[in-house]
Amino acid sequence: MKRILLLGAALYIAAFIALVFGQNSLIYPFNPTLEQPERRITEHRLSTADGETLIVWAAKPAIGKPTILYFHGNAGNLHNRAARFDRMLDRGYGIVAMAYRGSSGSTGTPSETAIRADSLLVHNQLNTLIGTPRKLVIYGESLGSAVAIQLAALHQPDGLILEAPFTSLTSRASEAVPYFPVKLGLRDEWNSLGQIPNITAPLLVMHGTADTVVPFTHGEAIFAAAAASNKTFRRVDGLGHNGHWSVAGQKAIYRFIDGL
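Please read all numbers here as calculations on a predicted model, not as lab measurements.

Moving on to the sheet that holds strand β1 (residues 42-47). Strand order in this open sheet of 8 strands is β1-β2-β4-β3-β5-β6-β7-β8, and the pairing throughout is mixed. Here the strands that pair on one side only, and so sit at the sheet edges, are β1 and β8 (231-236). Here the average twist between neighbouring strands, direction ignored, is 20°. Bridge count between strand β3 (residues 67-71) and strand β5 (residues 136-141): 5 bridges; the pairing is parallel. Of the residues in β5, the one forming a bridge with Y70 is Y139. Taken strand by strand, helix α4 (residues 112-124) contacts β1, β2 (53-59), β3, β4 (94-98) and β5, and its axis lies near 150° from that of β4.

A word on the layout of surface pockets. Its boundaries defined by the atoms lining it, the second largest pocket holds a volume of some 270 Å³. What lines the second largest pocket is a set of 14 residues, and nearest its centre among them are A75, R81, R84, E141 and N242. Here the lining of the second largest pocket is composed, by residue class, of 3 nonpolar, 7 polar and 4 charged.

This paragraph deals with the side chain of H207. Mapped onto the elements, H207 comes out in strand β7 (residues 203-208). Given the relative accessible area of 0%, H207 is considered buried. Within polar-contact distance, the side chain of H207 engages the backbone oxygen of P215 at 3.4 Å. Those residues in contact with H207 that sit more than four places away from it in its chain are A164, P165, V214, P215, F216, G219, F233, R234, R235, V236 and H244.

Turning our eyes to something else, we now look at helix α10 (residues 216-225). Residues of α10 that are buried include every one of F216, H218, G219, I222 and F223, and no others. Summarising the axial view, the buried residues of α10 lie within an arc of 160°, below the 170-degree limit, and thus occupy one face.

A few words on the nonpolar core. Soluble globular proteins tend to bury their nonpolar side chains together. One finds F71, V96, V122, I138, L160, L162 and W190 to be the most contacted residues of the largest nonpolar core, which totals 41 residues. In this view, V122 contacts L46, L54, V56, L69, V96, M98 and L129; residues no more than four positions away in its chain are not counted. Formed by 24 residues, the second largest nonpolar core is a distinct cluster that contains W57, F85, Y93 and Y254.

Once that is clear, we can look at the pattern of salt bridges. Going through the model one piece at a time under the given rule, you end up with 13 salt bridges. Among the ionic pairs, R40 bridges to E38, the shortest N-O distance being 3.2 Å. Residue classification places R40 among the partly exposed residues on the basis of a relative accessible area of 33%. By relative accessible area, E38 is classed as partly exposed at 26%. Of the charged contacts in the structure, one is a salt bridge between D90 and R40, with a shortest N-O distance of 3.0 Å. With a gap of 50 residues between them, D90 in helix α3 (residues 82-90) and R40 in the loop between α2 (23-27) and β1 connect regions that are remote in the sequence. Each of E38, R40, D86, R87 and D90 takes part in salt bridges that share partners, so that together they form one network.

About the cut-offs
Residues numbered from 1 in each chain as written. Predicted model: local features only at pLDDT ≥ 70, side-chain atom pairs only at ≥ 80, totals over all residues. Heavy atoms only, no water. Pairing = 2+ DSSP bridges. Helix = DSSP H or I, 4+ residues; strand = E, 2+ residues; numbered from the N terminus. Axes fitted to C-alpha atoms, helices over the stretch in contact; angles between N-to-C directions. Contact = heavy atoms within 4.5 Å. 1 Å grid on protein atoms, 1.4 Å probe; cavity = no way out; pocket = protein on both sides within 12 Å on 5 of 7 lines; lining within 4 Å. Points joined across faces, edges and corners; volume = space filled by probe spheres on them. Nonpolar A, V, L, I, M, F, W, Y, C, P; charged D, E, K, R; others polar. Buried < 20%, exposed > 50% of the residue type's maximum accessible area, 1.4 Å probe, protein only. Polar contact = N/O pair within 3.5 Å; in protein donor to acceptor, adjacent residues only side chain to side chain. Arc of directions from axis to C-beta. Core = buried A, V, L, I, M, F, W, Y, C linked by side-chain atoms within 4.5 Å. Salt bridge = Lys/Arg side-chain N within 4 Å of Asp/Glu carboxyl O.

See below:
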């Protein structure tokens, strides 16, 4: 019995160590492939303070239209969102979309510290990328919602859209693997719940009730903690983590943006 207990303890410790050392590949499973944007979008390359290169896709807005600063989720790359960008451009919106480190041709290793610094760099370069935006809407999907919240707390946008946001990486990881002390080994926190009260910009939160990647309760908690007086929660019954860009979803997004 003692040997069995020792073996079980050893396996548990080994599994936890593997989780700690492999966390970056689990949190940031980006597609590194560099792919060219469609003709209406221009690829830019920004140099970071620590010597890395960020790929940014950008397109100027039509006269009088807002610009969307877009942060995508942790799967795929910018090219996987090309259809979304097409629809936004069709509406006349400007687009600025950052490729995280290790994604879409950007160099470097992703981390919360690095991504937050990179999002600030892109924000500071908006005038160079697309000119001074008439209005700026920050849009974050899944992981990108955390990036969007951190940036919006520092630089209040004209509007903030969050698609399937989570309260914090720590809380979500604790739910996913409750048998491990994730707080001891998790390097990145992404505490969105702690930052959302600092944002007063108009807010749209979208979340599906059948989301198993980021449970619906996370979106509810983010919305409840938001300080914005103008805030809307779009509950989608039966929807999982993806699919917010349905026809109905797009209408809700456009209605929010055009009403700013």
